[in-house]
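This is what each chain is made of:
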Amino acid sequence: MPDPGRDQDPTAALQRVLATLSYLLTRSRAHERQATQAGVTAARSDLWLLMALEDSGGACRVGDLAELLMVEPPHVTRQIGQLEAQDLVERTQDSLDRRARKVAITPHGKAILQRLQQTGQAGLRDALADFDDADIAATVAVLNHLVGYARHKHAEEERQRRRGA
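Model, not experiment: these values are computed from the prediction. (Residues numbered from 1 in each chain as written. Predicted model: local features only at pLDDT ≥ 70, side-chain atom pairs only at ≥ 80, totals over all residues. Heavy atoms only, no water.)

Under the local residue numbering, the UniProt record ascribes the feature "domain: HTH marR-type" (unreviewed entry) to residues 11-148. Here residues 11-148 runs as 70% helix and 9% strand, with 17 Å between its end C-alpha atoms. (UniProt positions renumbered as here; feature names shortened; annotations may be inferred. Helix = DSSP H or I, 4+ residues; strand = E, 2+ residues; numbered from the N terminus.)

Structure (structure tokens):
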């Protein structure tokens, strides 16, 4: 694989680094190795769903969860069923709308997520040992900005798609 970022303008170098990092981090063996180190069997998509639930206060509606994950609600509904069977999430009644259901992360789901995150953070600490906290914080700020931009563009595209449908 070529060295990302050599002899390029900064934006092109960042795009190349992000593409390479995305490829490396989404390799199934990388996730399997991390899950094994954490002593869990959760799939990569399960981790994202659990993180989205945690980030939204521990519980949210299926539609809101699908929006956070940028997927269609039926996909999330199927995944919730699988996670519910593993006691990682539970469906609860929405206190504001009795017809609606919420999905909540269970204590077992929180423990699994925490173990996976701790394993991932240990690897990051090793990889970033030569950088100071200010450099890491600046990187986090740039990446958070890119995440926000990507989510905004996705929401915009979804609104346009719905209008055109």
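Bringing the layout of surface pockets into the picture now. By volume, the largest pocket amounts to about 2,700 Å³. In terms of lining, the largest pocket is formed by 46 residues, of which the most central are L21, L25, W48, L124 and L143. Every element with two or more residues in the lining of the largest pocket is listed here: helix 1 (10-25), helix 2 (28-38), helix 3 (44-55), helix 4 (62-69), helix 6 (107-127) and helix 7 (133-164). Top contributing element to the lining of the largest pocket by residue count: helix 7, with 11 residues. In the lining of the largest pocket, the residues fall into 26 nonpolar, 12 polar and eight charged. Among the elements that make up the lining of the second largest pocket, the one with the highest residue count is helix 7 (six residues). (1 Å grid on protein atoms, 1.4 Å probe; cavity = no way out; pocket = protein on both sides within 12 Å on 5 of 7 lines; lining within 4 Å. Points joined across faces, edges and corners; volume = space filled by probe spheres on them. Nonpolar A, V, L, I, M, F, W, Y, C, P; charged D, E, K, R; others polar.)

On to the packing of helix 3 against helix 4. Packing of helix 3 against helix 4 brings their axes to within 10 Å, and their N-to-C directions diverge by 115°. When the interaxial angle is binned, helix 3 and helix 4 end up roughly perpendicular. In this structure, helix 3 meets helix 4 at a crossing whose hand is right-handed. Here helix 3 contributes W48, L49, A52 and L53 to the contact with helix 4, which in turn contributes L65, L68 and L69. Taken together, the residues of the contact of helix 3 with helix 4 break down into seven nonpolar, no polar and no charged. (Axes fitted to C-alpha atoms, helices over the stretch in contact; angles between N-to-C directions. Parallel < 35°, antiparallel > 145°, perpendicular 65-115°, else oblique. Left-handed = near helix turned anticlockwise from the far one by under 90°. Contact = heavy atoms within 4.5 Å.)

Turning our eyes to something else, we now look at the environment of G109. Relative to the helices and strands, G109 resides in helix 6. Measuring from C-alpha to C-alpha, the distance between G109 and H154 comes to 28 Å, with 45 residues separating the pair along the chain. Filtering out sequence-adjacent residues up to four positions away, G109 remains in contact with L50, D87 and L88.

Reading across from one edge, 1-3-2 is the order of the three strands in this open sheet, with antiparallel pairing throughout. A single partner strand is all that each edge strand has here, and the edge strands are strand 1 (59-61) and strand 2 (89-93). Across the sheet, the mean angle from the axis of one strand to that of its neighbour is 30°, orientation sign disregarded. Contacting strand 2 and strand 3 (101-105), helix 5 (residues 73-85) runs over the sheet at an angle of about 115° to strand 2. (Pairing = 2+ DSSP bridges.)

Tallied over the entire structure, the rule returns eight salt bridges. Across the salt bridge formed by R61 and D94, the nearest N and O atoms sit 2.6 Å from each other. Of the two residues, R61 is situated in strand 1 and D94 in the loop between strand 2 and strand 3; the sequence distance between them amounts to 33 residues. Given a relative accessible area of 3%, D94 falls into the buried group. (Salt bridge = Lys/Arg side-chain N within 4 Å of Asp/Glu carboxyl O. Buried < 20%, exposed > 50% of the residue type's maximum accessible area, 1.4 Å probe, protein only.)

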